[in-house]
Amino acid sequence: MLLSACNSDKAQGTDDPQAEIPPAQEVAKVMAHPGPRPLFLVDQLPAGELKDTLSQCRNNSFYRTDFAIGHRGAALQFPEHTKESYQAAIDSGAGIVECDVTFTADKQLVCRHSQCDLATTTNILAIPELANKCSQGFSPADPANGISASATCCTSDISLAEFKTLKGKMDGANPEATTVEAYMAGTPGWRTDLYAGNGTLMTHAESIALFKAAGVKMTPELKAPSVPMPFDGMSQQDYAQKMLDEYSAAGVDPGQVYPQSFSLEDVKYWIANAPEFAKQAVFLDDRYDFDTSFNPQDATTWTPGMAELKTQGVEIIAPPLWVLVALDANNKLMPSEYALAAKAAGLDIIAWSLERSGLLKDGGGWYYQGVTEAIDNEGDALELLDVLAKDIGVLGVFSDWPATVTYYANCMGL
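Reading the values: the criteria
- Residues numbered from 1 in each chain as written.
- Predicted model: local features only at pLDDT ≥ 70, side-chain atom pairs only at ≥ 80, totals over all residues.
- Heavy atoms only, no water.
- Helix = DSSP H or I, 4+ residues; strand = E, 2+ residues; numbered from the N terminus.
- Rg over C-alpha atoms; globule rule 2.2 N^0.38 Å.
- Contact = heavy atoms within 4.5 Å.
- Areas by Shrake-Rupley, 256 points an atom, 1.4 Å probe, with all protein chains shown as cover.
- Lys, Arg positive; Asp, Glu negative; His and termini not counted.
- Charge placed at Lys NZ, Arg CZ, Asp CG, Glu CD.
- Phe/Tyr/Trp six-rings, centres within 6.5 Å; stacked < 30°, edge-to-face > 60°.
- Buried < 20%, exposed > 50% of the residue type's maximum accessible area, 1.4 Å probe, protein only.
- Axes fitted to C-alpha atoms, helices over the stretch in contact; angles between N-to-C directions.
- Parallel < 35°, antiparallel > 145°, perpendicular 65-115°, else oblique.
- Left-handed = near helix turned anticlockwise from the far one by under 90°.
- Salt bridge = Lys/Arg side-chain N within 4 Å of Asp/Glu carboxyl O.
- Polar contact = N/O pair within 3.5 Å; in protein donor to acceptor, adjacent residues only side chain to side chain.
- Pairing = 2+ DSSP bridges.
- Right-handed = clockwise from strand over helix to strand, strands pointing away.
- Nonpolar A, V, L, I, M, F, W, Y, C, P; charged D, E, K, R; others polar.

Participant: Describe in detail the overall build of the protein chain, supporting the description with residues and values.
Facilitator: When helices and strands are tallied, the protein chain shows 17 helices and 17 strands. For 414 residues, the compact-globule estimate of 2.2 N^0.38 gives 22 Å, and the protein chain sits close to it at 21 Å. Projected onto its principal axes, the C-alpha coordinates of the protein chain cover approximately 55 × 55 × 45 Å. Long-range pairs, those at least 24 residues apart, make up 71% of the contacts in the protein chain between residues at least 6 apart in sequence. In the structure as shown, the protein chain presents an accessible area of about 17000 Å², 51% of it carried by carbon and sulfur atoms. Charged side chains in the protein chain number 28 positive and 54 negative. The centres of these two groups are separated by 4 Å.

Structure follows, in structure tokens:
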């Protein structure tokens, strides 16, 4: 279980008010309902040991596992960061669920993947009085001049009360649209709108209450602001602290929280100012975005290096899937040098994000770059998961459909 090591000091400390909490392995199991998709993926696997092992679990009972992390909830089929998406992740066995945290015009924390994604993830453009407040209103496509349709609507454009009137939709937009209605109808074909009729948006505090009531752990990501900071007197440090303060106000044990940020400075702030939360703080590594020389197979291209990150107090690093794997001489998946170096430095690893690539028959796209020669069918998601779990030993895996990870983790006894 993901928290067993992190909470070992709590189980032993006699003066800790949380010392009565039993070790993770003794906590009562909670039933999970992984549904048909994991079995569909198993059936796509080529004949072999992995397929045989996973097939034998077909009629098993399944239970919640910390190895399965709900990425924005269960965003493959439900509007991300909505109550419905979170509940689907919880029901399918995710032991940890994510709220990406940003803020409104009145500095209230809400769950959105990006501060400025409301035009593609909500119905804001269909509400004229709120659409008029967007940073950039809807602009239709102009194919003759090669101009795509666009709109930019930010949580910081509206108040919390206005935010709560919105409904979540599946993330997507039609770049060829000439009307608002056509622009909003942009769900990728490999997702679905079946569960997108009435997505309930959540404040950060509401997500905490939902997760706490369900008994799952929480991984909030402090999103990079899209507005200059300080914002109305709120500094970046104030923002980073405010996120953690909402867990304290809700009486949540810091050991149940995995705060994340792509900013190493945010993680360092938590290390210095909130050490009880920093034990589980996650440095989301996107250095490939800023350094064209970044190569998961070449340690000289990672700055700072793994040992330096560990010295700075980082305990968990979380890169995308493709950074953690490479191909051997037979085009079989294996750990990358990055993964091996992180483990050698004593860093724990969380991977992101499984089931976010659409159909894998054509190589899997961005999340499988560098290993596309080994990716040609849907079952390859399980081949990758097997390498992450067995050969690398990751703590957990973010997934847009956490049921897949739940099935694998239960079947393999993780």
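Having seen it, we continue.
Participant: Now, about the packing of aromatic side chains: what can you tell me, with residues and values included?
Facilitator: Tallying each qualifying case throughout the model produces 18 aromatic pairs. Aromatic side chains Trp-302 and Tyr-338 sit 5.4 Å apart centroid to centroid with 70° between the ring planes, which places their arrangement in the edge-to-face category. Taken together, the positions of Trp-302 in the loop between strand 12 (282-284) and helix 13 (306-311) and Tyr-338 in helix 15 (residues 337-344) put the pair 36 residues apart, joining distant regions of the chain. Like Tyr-338, Trp-302 is buried. Following the ring pairs from residue to residue traces out a cluster consisting of Phe-262, Tyr-288, Phe-294, Trp-302, Trp-322, Tyr-338, Trp-352, Trp-366 and Tyr-367.

Participant: For the packing of helix 2 (residues 37-44) against helix 17 (residues 403-411), give the residues involved together with the corresponding values.
Facilitator: Between helix 2 and helix 17, whose axes approach to 8 Å, the crossing angle comes to 70°. Taken together, the axes of helix 2 and helix 17 are roughly perpendicular relative to one another. For the pair helix 2 and helix 17, the crossing hand works out as right-handed. Residue-level inspection shows Arg-37, Pro-38, Leu-39, Leu-41 and Val-42 of helix 2 in contact with helix 17, the latter providing Ala-403, Thr-404 and Tyr-407.

Participant: An account of the pattern of salt bridges is needed here, citing residue identities and associated values.
Facilitator: In the structure shown here, the tally under the stated rule is 15 salt bridges. The residue Lys-223 makes a salt bridge to Glu-221 at a minimum N-O spacing of 2.8 Å. Grouping residues by exposure puts Lys-223 and Glu-221 together as buried. We note a salt bridge from Arg-287 to Asp-285, for which the minimum N-O separation is 2.8 Å. Residues Arg-287 and Asp-285 agree in their burial class; the two are buried.

Participant: So what about the side chain of Ser-261? Which residues, and what values?
Facilitator: Tracing the backbone shows Ser-261 in strand 11 (residues 260-261). Here Asp-266 takes part through its side chain, which lies 2.7 Å from a polar atom of the side chain of Ser-261. Other than its neighbours up to four places away in sequence, Ser-261 contacts Leu-222, Asp-266, Val-267, Trp-270, Val-282, Phe-283 and Leu-284.

Participant: So what's going on with the pairing of strand 16 (residues 348-354)? Which residues, and what values?
Facilitator: Across the 7 residues of strand 16, 6 count as buried, placing the element largely inside the fold. Alignment of strand 13 (residues 316-318) against strand 16, held across 2 bridges, turns out to be parallel. Residue pairing across strands places Ile-317 opposite Ile-349, the latter belonging to strand 16. Here 3 bridges tie strand 16 to strand 17 (residues 396-399), and the two strands are oriented parallel to one another. Paired with Ile-350 across the strands is Gly-396, a residue of strand 17. Crossover strand 16 to strand 17 through helix 16 (residues 380-392) is right-handed.

Participant: So, the packing of helix 10 (residues 236-249) against helix 11 (residues 264-273): which residues are in play, and what are the values?
Facilitator: One can describe the packing of helix 10 onto helix 11 by two numbers: an axis separation of 10 Å at closest approach and a directional angle of 65°. For the crossing formed where helix 10 meets helix 11, the hand is right-handed. Between helix 10 and helix 11, the contacting residues are Gln-236, Gln-237, Ala-240, Gln-241, Met-243 and Leu-244 on the first element and Asp-266, Tyr-269, Trp-270 and Asn-273 on the second. Classifying every residue of the contact of helix 10 with helix 11 by side-chain character gives 5 nonpolar, 4 polar and 1 charged.

Participant: Tell me about the side chain of Asp-400, and please be specific about residues and values.
Facilitator: Relative to the helices and strands, Asp-400 resides in the loop between strand 17 and helix 17. Of the polar contacts made by the side chain of Asp-400, one reaches the side chain of Arg-356; its length is 2.6 Å. Residues within four places of Asp-400 in sequence aside, it is in contact with His-71, Ala-74, Ala-75, Leu-76, Arg-191, Ser-353, Leu-354, Glu-355 and Arg-356.

Participant: Would you mind going over helix 4 (residues 83-91) in detail, with residue names and values included?
Facilitator: The set of residues buried in helix 4 consists of Ser-85, Tyr-86, Ala-88, Ala-89 and Ile-90. Contacts made by the buried residues of helix 4 are with strand 3 (65-70), strand 4 (94-103), strand 5 (109-111) and helix 9 (204-214). Looking at the residues trailing helix 4, positive phi occurs at Gly-93, about 110°.

Participant: So what's going on with the pairing of strand 10 (residues 217-222)? Residues and values would help.
Facilitator: One face of the sheet, then the other: side chains in a regular strand alternate in exactly this way. The element strand 10 is extensively covered by neighbouring structure, given that 6 of its 6 residues are classed as buried. Covered by surrounding structure in strand 10 are Lys-217, Thr-219 and Glu-221 together with Met-218, Pro-220 and Leu-222, the residues of both alternating faces. Both strand 4 and strand 10 contribute to a ladder of 6 bridges, which runs parallel. Pairing of Cys-99 across the sheet is with Pro-220, part of strand 10.

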